[in-house]
Amino acid sequence: EYRLSTESQQVVVYDPAKFYQLMKKAGKASQYENFLMNDSMCDLDTWMSDNRIGISSVTDAVRYSVSCGDRMEFGKSKVQIMEFAKDPYGLPYVPGSSIKGMLRTMLLGYEISQNPEKYSQLADRIKGFQTYKPDRKNYRRETNEIEISTFNTLDREDVKRDNAVNDNLQGLVISDSKPLKLEDLVLCQKIEYHTN
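Let me begin by describing the structure that accompanies this report.

Conventions and cut-offs
Residues numbered from 1 in each chain as written. Predicted model: local features only at pLDDT ≥ 70, side-chain atom pairs only at ≥ 80, totals over all residues. Heavy atoms only, no water. Patch = residues over 30% accessible without salt bridge, like charges linked within 9 Å, V, L, I, M, F, W, Y side chains within 5 Å. Areas by Shrake-Rupley, 256 points an atom, 1.4 Å probe, with all protein chains shown as cover. Salt bridge = Lys/Arg side-chain N within 4 Å of Asp/Glu carboxyl O. Helix = DSSP H or I, 4+ residues; strand = E, 2+ residues; numbered from the N terminus. Core = buried A, V, L, I, M, F, W, Y, C linked by side-chain atoms within 4.5 Å. Buried < 20%, exposed > 50% of the residue type's maximum accessible area, 1.4 Å probe, protein only. Contact = heavy atoms within 4.5 Å. Expected span 1.5 Å × (residues − 1). Arc of directions from axis to C-beta.

Take a nonpolar patch on the surface next. Taken together, the side chains of Met 102, Leu 103, Met 106 and Leu 172 make up a nonpolar region of the molecular surface, amounting to roughly 340 Å² of accessible area. The topology assignment puts Met 106 in helix 4 (residues 96–114).

Another point: the nonpolar core. Core analysis: the largest hydrophobic core is formed by 14 residues, its most contacted members being Tyr 14, Phe 19, Met 23, Leu 44, Trp 47, Met 48 and Val 58. When residues of this core are traced back to their parent elements, those giving at least two are strand 2 (10–14), helix 1 (16–25), helix 2 (29–38) and helix 3 (44–50). Not counting chain neighbours up to four residues away, the residues in contact with Met 48 comprise Arg 3, Tyr 14, Phe 19, Ile 53, Gly 54, Ile 55 and Val 58. By size, the runner-up hydrophobic cluster in this structure holds nine residues, among which are Leu 4, Val 13, Tyr 64 and Leu 185.

This next bit is on helix 4. Taking 1.5 Å as the rise per residue, helix 4 with 19 residues should run 27 Å; its terminal C-alpha atoms sit 27 Å apart, in good agreement. Regarding helix 4, the residues found buried are Gly 96, Arg 104, Leu 108 and Glu 111. In an axial view of helix 4, the angular spread of the buried residues amounts to 105°, which keeps them on one side of the axis. In helix 4, those exposed residues whose orientation departs by more than 90 degrees from the buried face are Thr 105 and Tyr 110.

Have a look at this one:
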């Protein structure tokens, strides 16, 4: 749904339905369908170039564009760009569940940093999974165990401890934000750092 424009240093986002209609008019519908269904190694910019589709011929399908600024290093391997959550009218918004997840992660990190001895056995088990090719299933299981031991402390009768009704954050409800404007969007690179 987007094209990295090296000349204008922008990400151009297309309306998929309008773009498809333009491909139909150009007689490229089957090639475009093939690209969408099968070609995970090719990006839209390369596909357009390979199929001799000029940028000016798809301007009617442009939904919006966002400046890359200094966030995108052109010429290196392409990075996947994740689109921001949008409402039915195509306007971006911040999901309340994302805010709650962020708060949950912050509280969990704080709890672990304040009580490392409480989590030492789980930490030792996780260290045992640190191999060349880590087993995500084991990490997921241990992560769930850490969350349950931290948040599932309500101890409601006749309910298993790992049940969501025992989660002490289950009563915290955070609504979605009001819709933002497309002009509010910026392109950012996600960089993860270890806590130490």
